[in-house]
Amino acid sequence: MVQGTTSDAGKSALVTGLCRALSRRGISVAPFKPQNMALNSAVTEDGGEIGRAQALQALAAGLEPHTDMNPVLLKPNSDIGAQVIVNGRSIGEMNAQTYHDLKPSLLKSVLESWRRLVAQYDFVLVEGAGSPAEINLRDRDIANMGFAEAADCPVIIVADIDKGGVFAHLYGTLALLSESEQKRVAGFVINRFRGDIKLLEPGLEWLEQKTGKPVLGVLPYLHGLHLEAEDAIQSQQVCHDNDVVLKIAIPILTRTSNHTDFDPLRLRPDVQIHFVGKSEPIPPVDLIIIPGSKNTRTDLVYLRENQWDRDILRHLRYGGKLMGICGGYQMLGNAVHDPQGIEGDPGSTEGLGLLNLETTIAPQKQLKQVVGSLSLPDMEKVSVTGYEIHAGITHGPALDNPLIHLKQGVDGVMSENGQIFGTYLHGVFETTEACNALLTWSGLRQLATLDYKALREEGINRMADAAEQNIDLNTLLAVDQ
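To start, this report covers the structure provided alongside it. (Residues numbered from 1 in each chain as written. Predicted model: local features only at pLDDT ≥ 70, side-chain atom pairs only at ≥ 80, totals over all residues. Heavy atoms only, no water.)

### Describing the overall build of the chain
In step 1: A tally of regular secondary structure across the chain gives 14 helices and 26 strands.
In step 2: Whereas a compact globule of 481 residues would reach a radius of gyration of roughly 23 Å, the chain reaches 23 Å, a difference of no more than 12%.
In step 3: For the C-alpha atoms alone, the extent of the chain along its principal axes is close to 70 × 50 × 40 Å.
In step 4: The buried share of the chain, taken over its 481 residues, is 58%.
In step 5: Long-range contacts, defined here as pairs at least 24 residues apart, represent 73% of the contacts in the chain between residues at least 6 apart.
In step 6: By element, 49% of the accessible surface of the chain is carried by carbon and sulfur atoms, the whole surface being about 19700 Å². (Helix = DSSP H or I, 4+ residues; strand = E, 2+ residues; numbered from the N terminus. Rg over C-alpha atoms; globule rule 2.2 N^0.38 Å. Buried < 20%, exposed > 50% of the residue type's maximum accessible area, 1.4 Å probe, protein only. Contact = heavy atoms within 4.5 Å. Areas by Shrake-Rupley, 256 points an atom, 1.4 Å probe, with all protein chains shown as cover.)

Set out below in structure tokens:
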């Protein structure tokens, strides 16, 4: 099990790299995360929902993602509440205390998934969540040492040296663990080191002497590494020539979900993205994209509070293009209804009124991996892939002329004037042909060449190379022997 001293210490990246490194050796390996909290999720082959990081780790291991790889997923819809997903399916919205009380019963589901994977694969790599030293969450823990103790799983702890204080992080984390938890820590990994390793060695020797635990490896800082983020929005972009780029604005909502939709765009040299924050006006751009949302009605209110609705109307008057994905698509319609209070208080919220459709939030979530074709006006038909994760059912005259034809049905609508496009498909930009077609529709005339899936593979392989070169994998493989 890989645990971290902090969030974003490198747990997800390390597990991803190790999955690929072990797979290269012919070892059947699977990823596992007992409990995840993220608004980036993926649809599995068995029709469930798991954290996107585990889907990426499955890809690194050469597997299709499965709900056993992340049996508990929390999708926050407020500062104190979240939708709780167990074995790929939502069991309802809960506040923090209610969920805490539920944890002992959830541990059974977690261990059942774990045992199924252990029975099927030679090696299972487990990812913790946050830090095991969060002592306020230690009672009934199922995400870190609580799971490790229940499953009798050895642990390595990773820390990010680039943040500073790495020795305090590692020493302090170990010190805050119970005696039995300390015993199951097999060693440390230091992540994102840059500089002369000889200058670090005295600190490594001190840490090993003080703790009695070995430093199993020091991973270098990998510049330009692309691995999909588990939760935090990635804003880093490639360098641009402002004379040829398409400018895109994406307003950041309070519950923006699956922002990995935009990774293929921010990595293109012909696209420049402006992520628009609270109280910031949407600048003049070619395309505005309203992203997915875990709470569409709340984020509609938030959109209006920031006066982004006015910015959008001004943008359309000047001939700009507008796109909505999933929750953003629902916002483009006349209204969003939630009669059962699935996402909050029962009621309806007026939409932006830009597409002649309405959406009703329903208890049953739509979870689908999809393959099909995209037919934009005056363009060749192109292939498209993606996935759907939404609780809304959308209806109205705007749906009479769909632009996306899937094996499982249809999707995608456009306004009569050709300026506004809405779709339920996440991942729509990952297929090169579909991405190019949508950027051309948005006004880009000089397309660059980018294969996003190949770039993602390159990132996985770079992380695997770093693990193989800087961690003694034979020692790691022998840890649980």
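### Quick word on the sheet that holds strand S13 (residues 246-251)
In step 1: If you walk across this open sheet you meet the 6 strands as S15-S13-S16-S18-S26-S25, and the pairing is mixed. Two strands close off the open sheet at either side, each with one partner strand: strand S15 (271-276) and strand S25 (413-414).
In step 2: As judged from the 2 bridges shared by S25 and strand S26 (residues 420-423), these two strands associate in the antiparallel manner. Bridge assignment links Met414 to a residue of S26, and that residue is Phe421.
In step 3: Relative to the sheet, helix H12 (residues 432-442) contacts S13, S15, strand S16 (287-290), strand S18 (321-325), S25 and S26, its axis offset from that of S18 by approximately 140 degrees. (Pairing = 2+ DSSP bridges. Axes fitted to C-alpha atoms, helices over the stretch in contact; angles between N-to-C directions.)

### Describing the packing of aromatic side chains
In step 1: Tallying each qualifying case throughout the model produces 7 aromatic pairs.
In step 2: Between the aromatic rings of Trp114 and Phe147, the centroid separation amounts to 5.3 Å while the plane-to-plane angle is 85 degrees, which identifies the pairing as edge-to-face. Of the two residues, Trp114 sits in helix H3 (residues 96-120) while Phe147 sits in helix H4 (residues 145-151), which places them 33 residues apart along the sequence. Considered together, Trp114 and Phe147 belong to a single accessibility category, that of buried residues.
In step 3: When the centroid spacing of 5.7 Å and the interplanar angle of 80 degrees are considered together, the rings of Tyr302 and Trp308 count as edge-to-face.
In step 4: Given a relative accessible area of 0%, Trp308 falls into the buried group. (Phe/Tyr/Trp six-rings, centres within 6.5 Å; stacked < 30°, edge-to-face > 60°.)

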